[in-house]
Each structure stands twice: as structure tokens, then as C-alpha cells.
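Analysis of the macromolecular model
Here is what each chain is made of, one letter per residue.
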Amino acid sequence: MERWGADLYGDPCDGCGYRWSLTPHEAIRVLEGLPDRFRELLKGCTGDERHPDLAWGPIEYVCHVTDNLRIWAEGLAGARLSGEVHVPGYDPDLLAQARRYHRIAPAAALWSLERAATAWSDSVTAALADGVVLQHAARGAQRAEDVARNNPHDAYHHAWDIERIIASAR
Ligand SMILES: [Zn+2]
């Protein structure tokens, strides 16, 4: 089984400081505030900024956060609307390659992120109300409340990564 959440990152997260004790609804509010934070962070970025320890630049991280939100929101919607609880997981690096993240304009990446965040918030809120439990191929059972905390952490953590990238590119 793949490790995830506080077990993998520490509580609070060793990197970004995210606290896993947030309630699912608090975590949803964290996520809803993040598109504005990403917009602020990307001001003045060309997309070519890099950090020596990180494979991706700032735009790639925004695109990854967007796709991650879409994929999990879709999985929860599938369980709620069709009863299909099995979700396969995905390879973020292959997806980055297939979608050519490095060619996506910053304004387009932010446009997608805002819409993905709204759709995610709707899907997670409905899944929490329905008590959805996904069966993830690599992580096992993932309750709606786990997804509600995990996905905001992914976004929050990568906002921190972007801060580090920008700081190291100065
Ligand atoms: Zn973190």
C-alpha cells in the first residue's frame, strides 16, 4: 500500500506546515482560498523559474494541482452518481508529459485551477454528505473526509513549493 496523508508527510507536514487536524469543511475552505494565493504567487513569473531540488517549475505545479483536483472530484462523483467506488490512481509525471504542462500559459493554468477548485468543492461537499468511500488501487479505502483533507494538502504543499522556486530564482 502507498503511504499518504499525515503518515507520509508528518502532522503538521514537515514541509508546508499543513495541519491534518482540520475538519473536512475547514480543509475545503483552505482549498477554496488557494486559487487566489496561486494567482498572487505567479505574478511576475515567466514559468522558467526552477529550484535545484524540484523537477517542476511554478506552472507545472499549478497544472498538477488542477488535474489532481479534477481526478479526485471525478472519482467522488463517479461513486455518488453511479456507485463505482474503485479508482485507479494515476502517474503525475506521465500526465505532465502528456498534457505538456510546460507549454501551458500561466493565465490559462490559473483559469483552469479556479474552475477545478469550484468543481472539486461541490463534488467533495456532496460526497461528504453521502458518506462516499472510494477504493483506491494504491491507497485502499479513501473516505470523502480523507479526500477532503488530502487534496487541499497537495495544493497547499505545492504553493509552498512555488514559494521556494521563486525564492531560489531571485
Ligand atoms: Zn505539505
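For the chain, the name recorded in an unreviewed UniProt entry is DinB family protein, with Streptantibioticus silvisoli as its organism.

Secondary structure summary: the chain contains six helices and three strands in total. Taken from the N to the C terminus, the helices and strands of the chain come in the order α-α-α-β-α-α-β-β-α. Taken against the 2.2 N^0.38 rule, which gives 15 Å for 170 residues, the C-alpha radius of gyration of the chain at 16 Å falls within 12% of a compact globule. Each principal axis of the C-alpha atoms in the chain carries an extent, and together these give about 45 × 30 × 30 Å.

Right, let's talk about the nonpolar core for a bit. In this structure, Leu-31, Val-62, Leu-76, Trp-120 and Val-124 are the most contacted members of the largest nonpolar core, which totals 38 residues. If you tally residues by element for this core, the top one is helix H3 (residues 58–82), at 10 residues. When sequence neighbours within four positions are dropped, the list of residues in contact with Trp-120 reads Leu-31, Leu-69, Trp-72, Ala-73 and Asn-151.

The next thing to look at is the pairing of strand S2 (residues 133–136). Of the two faces of S2, only one is covered, namely that formed by Leu-134 and His-136; the face formed by Val-133 and Gln-135 stays uncovered. Across two bridges, strand S1 (residues 86–87) lies against S2 in parallel orientation. Counterpart to His-86 in the pairing with S2 is Gln-135. Of the pairings in the sheet, the one linking S2 to strand S3 (residues 140–143) comprises four bridges and is antiparallel in character. Among the inter-strand pairings, His-136 is bridged to a residue of S3, identified as Gly-140.

Given a rise of 1.5 Å per residue, 19 residues ought to cover 27 Å, and the 27 Å separating the end C-alpha atoms of helix H2 (residues 24–42) matches this to within 8%. At Leu-34, H2 is bent by approximately 35°, the largest bend along its length, and proline Pro-35 sits one to four residues beyond. Here H2 has its buried residues at Ala-27, Ile-28, Val-30, Leu-31, Leu-34, Pro-35, Phe-38, Leu-41 and Leu-42. Where H2 is buried, its residues touch H3, helix H5 (106–130) and helix H6 (144–169). Gly-44, located one to two residues past H2, shows a positive phi value of around 85°.

Let's shift gears to the packing of H3 against H5. How two helices sit against one another is set out by the angle between their axes and by the gap between those axes. Between H3 and H5, the shortest axis-to-axis distance is 8 Å and the interhelical angle comes to 30°. Put simply, H3 runs roughly parallel to H5. Handedness of the H3/H5 crossing: left-handed. Broken down by class, the residue content of the contact of H3 with H5 amounts to 21 nonpolar, three polar and three charged.

Now for the sheet that holds S3. Strand order across the open sheet formed by three strands is S1-S2-S3, with mixed pairing between neighbours. Only two strands of the sheet have a single partner each, and these edge strands are S1 and S3.

Turning our attention to the packing of H2 against H6. For the pair H2 and H6, interaxial distance at closest approach is 9 Å and the crossing angle is 25°. By the angle class used here, H2 and H6 are roughly parallel. The crossing of H2 and H6 is left-handed. Where H2 approaches H6, its residues Pro-24, Ala-27, Ile-28, Val-30, Leu-31, Leu-34, Arg-37, Phe-38 and Leu-41 are matched on the opposing element by Glu-145, Ala-148, Arg-149, Asn-151, Pro-152, Ala-155, Tyr-156, Ala-159, Ile-162, Glu-163 and Ile-166. Of the residues that constitute the contact of H2 with H6, the class distribution is 15 nonpolar, one polar and four charged.

Conventions and cut-offs
- The numbers attached to residues start from 1 for each chain and follow its sequence in the written order.
- Where local features are concerned, this predicted model is filtered to residues with pLDDT of at least 70; where side-chain atom pairs are given and counted, the filter is 80 or more; whole-chain, interface and lining totals use all residues.
- Strands here are runs of E lasting at least two residues and helices are runs of H or I lasting at least four, both read from the DSSP assignment and numbered beginning at the N terminus.
- Atoms counted for the radius of gyration: C-alpha only. Globule rule: 2.2 Å times the number of residues to the power 0.38.
- By definition, a nonpolar core groups buried Ala, Val, Leu, Ile, Met, Phe, Trp, Tyr and Cys residues that are joined through C-beta atoms within 7 Å.
- With C-beta atoms placed from the backbone, a residue is buried if 20 or more other C-beta atoms are within 10 Å of its own, exposed if 12 or fewer are, and partly exposed between those counts.
- Throughout, a residue-residue contact means that the two C-beta atoms, derived from backbone geometry, are no farther apart than 7 Å.
- The criterion for strand pairing is that DSSP finds at least two bridges linking the strands in question.
- Working rule for helices: expected span equals 1.5 Å times residues minus one.
- Here the bend at a residue means the angle between the axes of two seven-residue stretches, the one that ends at it and the one that starts at it.
- Simply put, an axis is a line fit to the C-alpha atoms, just over the touching stretch for a helix, and the angle between two N-to-C directions goes from 0 to 180 degrees.
- The scheme is simple: roughly parallel for angles under 35 degrees, roughly antiparallel for over 145, roughly perpendicular for 65 to 115, oblique for anything else.
- Note on convention: the crossing is left-handed when the near helix lies turned anticlockwise from the far helix by less than a right angle, right-handed when the turn is clockwise.
- Residues were grouped as follows: Ala, Val, Leu, Ile, Met, Phe, Trp, Tyr, Cys and Pro as nonpolar; Asp, Glu, Lys and Arg as charged; and all remaining residues, including Gly, as polar.

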